[in-house]
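# Tertiary structure, described
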Amino acid sequence: MTPLQVAVVGAGWAGIAAAVHARRAGHAVQVFEMAPQPGGRARSVAVARHALDNGQHILIGAYRATLELMGLVGTDVRTTLRRMPLALQYPDGQGLRLPAGAPVPAFLRGVLGRQGWSWGERLSLLAHATRWAGRRFACDAGTSVDELCRGMPTAVRRDLIEPLCVAALNTPAAQASAQVFLRVLRDALFSGPGSADLLLPAAPLGALLPDPASAWFEANGVALHTGARVAKLQAEGTGWQVDGQRFDAVVLACAAAEAARLCASLAPDWTQQAAQLRYEPIVTVYLQSAGARLALPMLALHADAQAPAQFAFDLGALGQAPGVFAFVVSGARDWVDRGLSATAQATLQQARSAFPRSTWPTVPTLLHVAAEKRATFQCTPGLRRPPAAIAPGLWAAGDYVAGPYPATLEGAVRAGRFAAQSLATPQPDRASSLSVARTGLPGARR
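Here's what I pulled together on the structure shown here. Residue numbers restart at each chain and count upward from 1, following the sequence in its written direction. Selection of residues for local features in this predicted model requires a pLDDT of at least 70, selection of side-chain atom pairs for listing and counting requires 80 or more, and totals for whole chains, interfaces and linings are taken over all residues. Side-chain numbers here rest on the full set of heavy atoms in the structure, without hydrogens or water.

## Here we look at the pairing of strand β1 (residues 5-9)
Remember that side chains alternate between the two faces of the sheet whenever the strand is regular. Throughout this description, buried means an accessible area under 20% of the type-specific maximum (1.4 Å probe, protein chains only), exposed means over 50%, and partly exposed covers the range between. A run of H or I in DSSP counts as a helix once it spans at least four residues, and a run of E counts as a strand once it spans at least two, with each numbered from the N terminus. Taking burial as the measure, the five residues of β1 include four buried ones, the bulk of the element. Should DSSP find at least two bridges between two strands, the strands are taken to pair. Bridging between β1 and strand β2 (residues 28-33) involves five bridges; their strand directions are parallel. Its bridge partner lying in β2, V9 is registered against F32. Crossovers are marked right-handed if the path from the first strand over the helix to the second runs clockwise, as seen with the strands pointing away from the viewer. Handedness of the crossover is the feature at issue here: the chain leaves β1, passes through helix α1 (residues 13-24), returns alongside β2, and the resulting connection is right-handed. Looking at chain direction, β1 and strand β14 (residues 249-252) are connected through four bridges and run parallel. The residue bridging A7 from the neighbouring strand is V250, located in β14.

## Regarding the packing of aromatic side chains
Stacked, edge-to-face and tilted are the three classes for Phe, Tyr and Trp ring pairs, Trp counted by its six-membered ring, which pair at centre distances within 6.5 Å; planes under 30 degrees apart are stacked, over 60 edge-to-face, the rest tilted. This model, assessed by the stated rule, comprises eight aromatic pairs. A centroid spacing of 6.1 Å and a plane angle of 85° characterise the contact between F32 and F247, whose relative ring orientation is edge-to-face. Taken together, the residues span a long stretch of sequence, with F32 in strand β2 and F247 in strand β13 (residues 245-247) at a distance of 215 residues. Residue F32 shares its accessibility class with F247, and that shared class is buried. Members of the aromatic cluster, joined through ring pairs, are F325, F327, F355 and W360.

## Considerations on the nonpolar core
Here, nonpolar core refers to any group of buried Ala, Val, Leu, Ile, Met, Phe, Trp, Tyr and Cys residues whose side-chain atoms link them within 4.5 Å. The biggest cluster of nonpolar side chains holds 132 residues, and the ones touching the most others in it are V8, W132, V250, L252, W270, L394 and Y400. We call two residues in contact when some of their heavy atoms are within 4.5 Å. For V250, the contacting residues outside a window of four places in its chain are A7, V9, L233, W240, V242, G393, L394 and W395. Within the second largest apolar cluster, 22 residues are counted, among which are A292, F327, L348 and F355.

## Side note on the side chain of Q89
Note that Q89 resides in strand β7 (residues 87-89). Judged by its relative accessible area of 9%, Q89 is buried. For this analysis, a polar contact is any N or O atom pair within 3.5 Å, provided that within protein one partner can donate a hydrogen and the other can accept it, and provided that sequence-adjacent residues contribute only side-chain to side-chain pairs. Of note is the side chain of Q89, whose polar atom sits 3.1 Å from the side chain of R97. Setting aside residues up to four positions removed in sequence, Q89 forms contacts with Q94, G95, L96, R97, L296, L299 and A300.

## Some remarks on the pattern of salt bridges
In what follows, salt bridge is the name for a side-chain nitrogen of Lys or Arg lying within 4 Å of a carboxyl oxygen of Asp or Glu. The final tally for this structure, using the stated rule, is 16 salt bridges. For R246, the salt bridge goes to D248, with nearest N and O atoms at 3.0 Å. Here D248 falls in the partly exposed class, since its relative accessible area comes to 25%. Residues joined in a network through salt bridges with shared partners are R114, R158 and D159.

## Structural notes on the sheet that holds strand β15 (residues 279-288)
Spatially, the five strands line up as an open sheet ordered β16-β17-β18-β15-β19, and their pairing is antiparallel. Looking at which strands have only one partner, the edges of the open sheet turn out to be β16 (298-300) and β19 (365-377). Each strand axis lies, on average, 20° off the axis of its neighbour in the sheet, ignoring direction. Fitted lines through C-alpha atoms serve as axes, helices being fitted only where they are in contact, and the angles separating the N-to-C directions of these axes extend from 0 to 180 degrees.

## Brief notes about helix α7 (residues 154-169)
Maximum bend of α7: about 35°, positioned at I161, with proline P163 one to four residues after it. The complete set of buried residues in α7 reads A155, V156, R157, D159, L160, I161, P163, C165, V166, A168 and L169. Following α7 by one or two positions, N170 adopts a phi angle in the positive range, close to 50°. Two axes are fitted around each residue, one to the seven residues ending there and one to the seven starting there, and the angle between them is reported as the bend at that residue.

## Some details on unusual backbone geometry
At F137, a residue that is not glycine, the phi angle is positive and equals roughly 55°. Structurally, F137 can be placed in the loop between α5 (119-134) and α6 (145-148). With a phi close to 50°, D243 is a non-glycine residue in the positive phi region. Assignment of secondary structure puts D243 in the loop between β12 (239-242) and β13. Residue class for D243 comes out partly exposed when judged on its relative accessible area of 44%.

## Section: the sheet that holds β14
Spatially, six strands are ordered β10-β2-β1-β14-β21-β20 in an open sheet, and the strand pairing comes out mixed. A strand with exactly one partner marks an edge of an open sheet, and here the two such strands are β10 (223-226) and β20 (389-391). Across the sheet, the mean angle separating the axes of adjacent strands is 20° when strand polarity is ignored. Sitting on the sheet, α1 is in contact with β1, β2 and β14, with an inclination near 165° to β2.

## Thoughts on the side chain of D197
Positionally, D197 belongs in the loop between α8 (178-190) and β9 (198-201). A distance of 3.0 Å separates a polar atom in the side chain of D197 from a polar atom in the side chain of R83. Not counting the four nearest positions on each side in its chain, D197 is found in contact with L59, I60, G61, R83, M84, P85 and L86.

This is the structure in structure tokens:
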């Protein structure tokens, strides 16, 4: 294989994956990142002497592509991630906790041992899960999670399905794709020992991938240009020009809107598909209370019109910032519309009322609010996502491209790896490239 000159536009997790795998395949790689540092939406920021993440992230044991990438760049996952069996426990101590072991017996034991549900509610969940497994976790593409769970007891939907759905898809169950939800459940709960384990960051997100990747780039001859927004992409013969510099192939690992801007005159059909994506925000409210500890590093919360957050994380218990807590508001459109100040005040009230008084030795106060207003695409039933192949030698990589996963770190990493592996794939000539963009077939791995 002849080495290629490759440009990767964007140094988020998809761009890092594309650059690492392309360089390992022998290609010469340059990375262009518009922000001052790599990491994209999953990065760390300095706030009041703390290194806080721009949004709290959860990894699971099924994220094999992400774990592989972290290993390739030298991240010590044993010290930067805290592995624990899946637990969706609430402040009152009730909730689903899976024991260690093979996934199917662990799920069965966890559901049967779930306190707070009647036997009828537990057996109903097992019956639904059995039917899903019997159908190989497949359903009609137009089905919503609400429709999928029709007939399931209210308590099971409220305590398990809805928080799992909004955590995985960042889309409320009534609007969320059941097809994608079932794929996540299949991989998390039934794809092997440890696949459902929670992998909670025990270090700032920068230490998980962006910082080790930057060092890996330097050691392996990958040029990383930060603060460099690409202004123009144009075709040149069989290759491409990125702001006047020629490359054999380009991977657009930037946000969908940015990729659409660069492709507007090159692939209008692909651009239109990317532009049709709609987004859901995520808000993370950081609170502080000296000496406070939660019962577990991560707890689920009941969210409603007065209580925004679905999850709370104890950063001190995770070895990061003692006395600092991240409250995560997923599917946060309604709260963003109310304003971040109102969201922060409602979260403060929720923190004070949802936990036993003994949790807070000192009254929790607001430390920081991180809001990603375009955090993820709305993962709705029947959504047609843009394909990875845009034109010959031009690929898209991001959590939004066609694929089996919702907008997750794993989805981004898989997309970046796929683009890198596809660089040397024979493609039609440029004259027929628009038909490639129309079909949506290349790169659509479902």
